[in-house]
Amino acid sequence: MSLKVLAVDDSRTMRDMIRMALMPAGFDVHLAEDGVHGIEVLDGLEPDAIITDINMPRMDGFGFIDAVRDQAEHRATPILVLTTESAPELKMRAREAGATGWIVKPFDPAKLVKALQMVAG
Amino acid sequence: MSEQGQNKDLELLTFRVADQEYSLDIMSVREIRGWTRTTPMPHAPDYMRGVINLRGTVLPVMDLARRLNLPSQETNERNVIIVVKLSGTLTGLLVDAVSDIVAITEDDLQPPPDISSDPQMSVVRSLTVIDDQMIRVLDLAAVVPVSSDEAA
Amino acid sequence: MSDQNDPMAEIRASFFIECEELMEALQDGLQELDDGSEEPETINVVFRAVHSIKGGAGAFGLEALVRFAHRYETVLDEVRNGSLQPDSEAMKLFFLAADHLSDLVRACRDETELDEATSDELLTRLDALLGEDGGSEEVEPEEFEVQGLSLALDLPDLDVDDTEANDSTLYTVRFKPEQELFATGNEPLMLLRNLCDLGEATVRCNFDDLPSLTDLAPETPYVEWIIELKTEAAEPEIRDIFEFVDGLCELEITGPQGEAAAPAPDAPAEEPPAPPEPAAEAADPAPAPEPPANVVPMGNKEPPAPETAKEPEAEKKPATPAAKSVVRVDLERIERLVNLVGELVINQAMLSQSLDEAGLSPHSDAMNGLEEFQRLTRDIQDSVMMIRAQPVKSLFQRMSRIVRESSAAVEKEVRLVTEGEATEVDKTVIERLADPLTHMIRNAVDHGLEATEKREELGKSRAGTVTLTAAHRSGRVIIEVADDGAGINRKRVQEIAANKGLISPDAQLSDSEIDNLLFLPGFSTAKQVSNLSGRGVGMDVVKTSIQSLGGRITINSEPGKGTTFSISLPLTLAVLDGMVVNVAEETLVLPLNVVVETLSLGPDDVQMLRPGNYVVRWRGGFVPLYDLGVMLGYRSHRKTDPGSIVLLIVLEDGSRAALVIDGIQDQRQVVIKGLDDSFYRAPGIAAATILGDGQIALILDPADVISGMGHIRGTDLMLSERKIANE
């Protein structure tokens, strides 16, 4: 069964990259353009994992993770944060917000796939 | 159609221009159209007959007889326009009539006599004989002016 | 362009398109900041634009772009978090950096050479903004490593397959999750499974800490797992599995020789009391009975009242505008559609002509249907043209850069004001406007505006203003470039024109005629060749390029107040409102907008100026007269008999001409068919169209036809009028 993934990033290029990395590996990829859009797409989607960018308009990644974790059914959904900063404090902030793990951009598609499989099976 | 040898690596479209037989590599021929009235282009060289509507695009048409300095014939219903494609551009060649399609091998071709002063020959790539008739194979690139080397 | 079979090439192409949008957002944001915006979102947008460019650039291994964007972003981040307050110098630098970033993006896209020297110079200046503490420390190139990435579509099977055990070692892993681990959506089960994937594992669950049910706190995990793992993998690989939970669990990995990474407090790994479970199956069924603590408490550490938390969310939803749904389409496909619609219009014209000839009653069903068909065709045509329409904003942004660069070059303070950025114009028009507009803007900055000191002397504001406006007016696009400078020095212009032999020294010219001298080929007012506009490219080139777009350009200048250049363009290049006329045996189309009036020649209207040159009397003046049939070589004898039909046309420079034709057929929209550049190009012929009967009609460019004939210019004509009057 293919894993359902919601990816939230305001950069079209990044969304394309994520899509290109995951679709051939058999993931069912759903995309959103920012946090607010992500919450909308999340409604009724029940993804196996979520990938989100941090810097986004309208609602950033931290806010998005917060909002996801506030929904009972997504309390345990793995969330990976995409970040260009490998700065430890960003990872910590993401973790405090409830992120499961992180991927440092630019990501290697295989690594992204592997990370997803590690957190979501 | 004439059958000559087995190594048929060239097909020629033969046609008449001012009572002479000419031919073109069929690979460069896109289609053959009946004669329609051309819209003359002002101040164009006299061998440019003008332009016609080829399914919505503007096709320049060249009078091949005038281009080869042969006596131009009165246009009539039997005249046809051979649409050729050269480096991406379509051009129409007005000829008297289309004769045949013949398959030959490269071996059947002979170089034209070296008469460089003869304008007819400068555009003839080679000669071949089919059914005892000499046929001139045109060098399309030399026939169709490519704007820049027009002056030459 | 991009290889359709290569998804990376496609994404790469799409990345550069996105970059254009990001650059636009960056420009906008910087402008808002410069205008004093205090909105936190403004700097966020600016930061994000640079950040996203960096992100994408990293993915494609564009190191130079990443390097520049990264350090630019670092400085912007300082502004974002409030530790740097940019002054006007800093803002200038930000604009320059944005311009340079945009150059780098284009250079990367076109794979041309990158201007690293400018990068270095700007980066040094940007770093300087960070002050002594920030400057050098941010320059670690390692911090953001570029990782060129090749997207293999057949993804490797994720190193699972190399389990041909050669040098397996036995590790003992003790793992005890802490409460926070569950709050982050991490799942011990997954971790164990990943661990098992590394080799042969035996998993044992230690319930020793599990309190009696009454003492059990639901949020506290009490369980630890001890895994014996026989694997080829090295210890770091094992640690990698626990990367995300580092700090959220107790983790001990004991190596083959029993040397623990951290000494195990107790060593339970030695005794295997629990029945060993087959590692492979351990993955799916629970490796051990899950403690109840595990099931309930996930993320539930501080139960937030979910209702209150959700409500604002629900309210937010309708308020946020739905993301505008946009489809990106290859321009080629649109071109195809435009062509097809062109065909449709022609086809409709043919149909209506044959129905006309059939003599049907105008009230017949066929004629009514035809009317509806015509209406639909027009609507489709408009809609298709709309697809190609784009706001002029991107063009205007490019111009703001031109203003910045040119004002710096001539050391003038210049403010650019733009209006009507949302005005939509055919994409092709926008592209082809860039060069002429650039030249006009440079001209305005260089020649139009006074030097800063001069302005102060005159009591004008120090900074000159260049206003760039776009608007739709009566079916055309009007673009204006206005400056508030000194206005055209008409005396000087006339002198120059006379010195260059463009007009006779004693010519009496109206103000507008003098202004129009600027458009004469070879005219340039620059006394010395300045850095900017004086490179031999004159306004005549501008005028020619505007004309090639079917447009007109006019000047309006007021001494001391400034000069305005107005460009008027057709909305689209694909259709033309034309007047269909007969000349000799041919049918020709003239752009309707040049035709001022139609006249019928009276017996005394035509006068010979000199052999071969005729003028026609019109409203008390004289207008040069040409026979189109003769000019186009359709006939050799001039037709100036009384009763001949004459079209009075106005040319872009405001001068008039009269064209003799044989008859007027119609006024109608025609679809413009370009003439291939590769074949003979007749002067004066702008394009062609296909008429209702399938015949091709040529579309004339009257100015070009006339100039090919040695047009008598307005200035000449003034002289000639006097000459005639004297005779």
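Each remark here, short or long, concerns the structure printed above.
To keep things clear, this report deals only with the structure shown in the data block. What you see is a predicted model; the values in this text were computed from it and never measured.

## Examining the overall build of chain A
Looking only at helices and strands, one finds five helices and five strands in chain A. Per-residue burial for chain A yields a buried fraction of 66% across its 121 residues. In chain A, the proportion of contacts linking residues at least 24 apart, taken out of those at least 6 apart, comes to 63%. Here chain A has roughly 3,900 Å² of accessible surface; of this, 49% comes from carbon and sulfur atoms.

## Side note on the pattern of salt bridges
All names here are of chain C. Counted by the stated rule, this structure contains 44 salt bridges over all chains. Taking the shortest distance from any N to any O, the salt bridge between Arg 106 and Glu 20 comes out at 3.2 Å. With a gap of 86 residues between them, Arg 106 in helix 4 (residues 88–110) and Glu 20 in helix 1 (residues 7–34) connect regions that are remote in the sequence. Under the relative-accessibility criterion, Glu 20 is labelled partly exposed at 29%. Across the pair Glu 224 and Arg 174 runs a salt bridge, and its minimum N-O distance is 2.4 Å. Here Glu 224, found in strand 3 (residues 224–231), pairs with Arg 174, found in strand 1 (residues 169–177); they are 50 residues apart in sequence, far enough to count as distant. Summarising the burial analysis for this pair, Glu 224 and Arg 174 share the class buried. Residues joined by salt bridges that share partners form a network here, namely Asp 99, Asp 103, Arg 401, Arg 404 and Glu 405.

## Quick notes on the sheet that holds strand 2 (residues 28–32) of chain A
All names here are of chain A. Spatial strand order, 2-1-3-4-5: five strands in an open sheet with parallel pairing. Two strands close off the open sheet at either side, each with one partner strand: strand 2 and strand 5 (101–104). Between one strand axis and the next, the sheet turns through 20° on average, direction left out of account. Sheet topology note: the strand 1 (residues 4–8)/strand 3 (residues 49–53) ladder contains four bridges and is parallel. The partner of Leu 6 across the bridge, within strand 3, is Ile 50. Where helix 1 (residues 12–22) meets the sheet, its contacts fall on strand 1, strand 2, strand 3 and strand 4 (79–83), and the angle it forms with strand 2 comes to roughly 175°. Along the sheet, helix 2 (residues 35–42) makes contact with strand 1, strand 2 and strand 3, crossing strand 2 at roughly 135°.

## Let's talk about unusual backbone geometry
In this structure, Glu46(A) takes a positive phi of about 50° despite not being glycine. Within the secondary structure, Glu46(A) is located in the loop between helix 2 and strand 3. A relative accessible area of 60% means that Glu46(A) is categorised as exposed. Positioned with a positive phi, Asp19(B) is a non-glycine residue whose angle comes to about 65°. Along the chain, Asp19(B) turns up in the loop between strand 1 (10–17) and strand 2 (20–25).

## Concerning helix 2 (residues 40–59) of chain C
Residue and element names in this part refer to chain C. Its 20 residues place the ends of helix 2 29 Å apart at the C-alpha level, agreeing with the 28 Å of an ideal helix rising 1.5 Å per residue. In terms of burial, helix 2 is largely enclosed, as 16 of its 20 residues are buried. Trailing helix 2 by a residue or two, Gly 61 shows a phi angle of about 70°, which is positive.

## Describing the interface of chain C and chain B
Facing 25 residues of chain C, the contacting portion of chain B comprises 18 residues. Carbon and sulfur atoms make up 62% of the surface buried where chain C meets chain B, a total of about 1,900 Å² over both sides. One salt bridge in this structure joins Arg37(B) and Glu586(C), with 2.7 Å as the shortest N-O distance. The tally of links between chain C and chain B comes to four residue pairs in polar contact (both at pLDDT 80 or more). Only helix 13 (331–357), strand 21 (685–690) and strand 22 (696–700) of chain C provide two or more residues apiece to the side of chain C that touches chain B. With three residues, the top contributor of residues to the side of chain C that touches chain B is strand 21 of chain C. Its residues assigned to classes, the side of chain C that touches chain B comprises 14 nonpolar, five polar and six charged.

## Quick look at empty space enclosed by the protein
Using the criterion set out here, one finds five cavities of 30 Å³ or more in the structure. Empty space within the largest cavity amounts to approximately 70 Å³. Val17(B), Arg49(B), Asp63(B), Ala65(B), Ser72(B), Gln73(B), Glu74(B), Thr75(B), Asn79(B), Leu94(B), Val95(B) and Asp96(B) together form the lining of the largest cavity. Within the lining of the largest cavity, the residues separate by chemical class into four nonpolar, four polar and four charged. Within this model, the second largest cavity holds a volume of roughly 60 Å³. Surrounding the second largest cavity, Thr100(A), Met118(A), Val119(A), Gly185(C), Asn186(C), Glu187(C), Met190(C), Leu191(C), Asn194(C), Ile241(C) and Phe244(C) form its lining. When contributions to the lining of the second largest cavity are tallied by element, the ones reaching two or more residues are helix 5 (109–120) of chain A together with helix 8 (188–196) of chain C.

## Quick word on the packing of helix 3 (residues 61–69) of chain A against helix 4 (residues 88–97) of chain A
The geometry of a pair of packed helices is captured by two quantities: the angle between their axes and the separation between those axes. Residues and elements named next belong to chain A. Where helix 3 contacts helix 4, the axes come no closer than 8 Å and their chain directions differ by 25°. The angle between the axes of helix 3 and helix 4 places the two elements in the roughly parallel class. In the crossing of helix 3 with helix 4, the sense of the turn from one axis to the other is right-handed. Across the interface between the two elements, Phe 62, Ile 65, Asp 66 and Arg 69 from helix 3 touch Leu 90, Arg 93, Ala 94 and Ala 97 from helix 4. Among the residues forming the contact of helix 3 with helix 4, the class breakdown is five nonpolar, no polar and three charged.

## Observations concerning the sheet that holds strand 17 (residues 621–627) of chain C
Residues and elements named next belong to chain C. Strand order in the open sheet formed by six strands is 14-18-19-17-16-15, and the pairing between neighbours is mixed. The two strands at the open ends of the sheet, each matched to only one other strand, are strand 14 (595–600) and strand 15 (606–610). Averaged over all adjacent pairs, the angle separating strand axes in this sheet is 35°, with direction ignored. Bridge count between strand 16 (residues 613–618) and strand 17: five bridges; the pairing is antiparallel. Among the inter-strand pairings, Arg 617 is bridged to a residue of strand 17, identified as Phe 622.

What counts as what
- Residues numbered from 1 in each chain as written.
- Chains lettered and ligands numbered in written order.
- Predicted model: local features only at pLDDT ≥ 70, side-chain atom pairs only at ≥ 80, totals over all residues.
- Heavy atoms only, no water.
- Helix = DSSP H or I, 4+ residues; strand = E, 2+ residues; numbered from the N terminus.
- Buried < 20%, exposed > 50% of the residue type's maximum accessible area, 1.4 Å probe, protein only.
- Contact = heavy atoms within 4.5 Å.
- Areas by Shrake-Rupley, 256 points an atom, 1.4 Å probe, with all protein chains shown as cover.
- Salt bridge = Lys/Arg side-chain N within 4 Å of Asp/Glu carboxyl O.
- Pairing = 2+ DSSP bridges.
- Axes fitted to C-alpha atoms, helices over the stretch in contact; angles between N-to-C directions.
- Expected span 1.5 Å × (residues − 1).
- Buried area = accessible area lost by both parts, 1.4 Å probe.
- Polar contact = N/O pair within 3.5 Å; in protein donor to acceptor, adjacent residues only side chain to side chain.
- Nonpolar A, V, L, I, M, F, W, Y, C, P; charged D, E, K, R; others polar.
- 1 Å grid on protein atoms, 1.4 Å probe; cavity = no way out; pocket = protein on both sides within 12 Å on 5 of 7 lines; lining within 4 Å.
- Points joined across faces, edges and corners; volume = space filled by probe spheres on them.
- Parallel < 35°, antiparallel > 145°, perpendicular 65-115°, else oblique.
- Left-handed = near helix turned anticlockwise from the far one by under 90°.

Any functional reading would require information beyond the geometric quantities listed.
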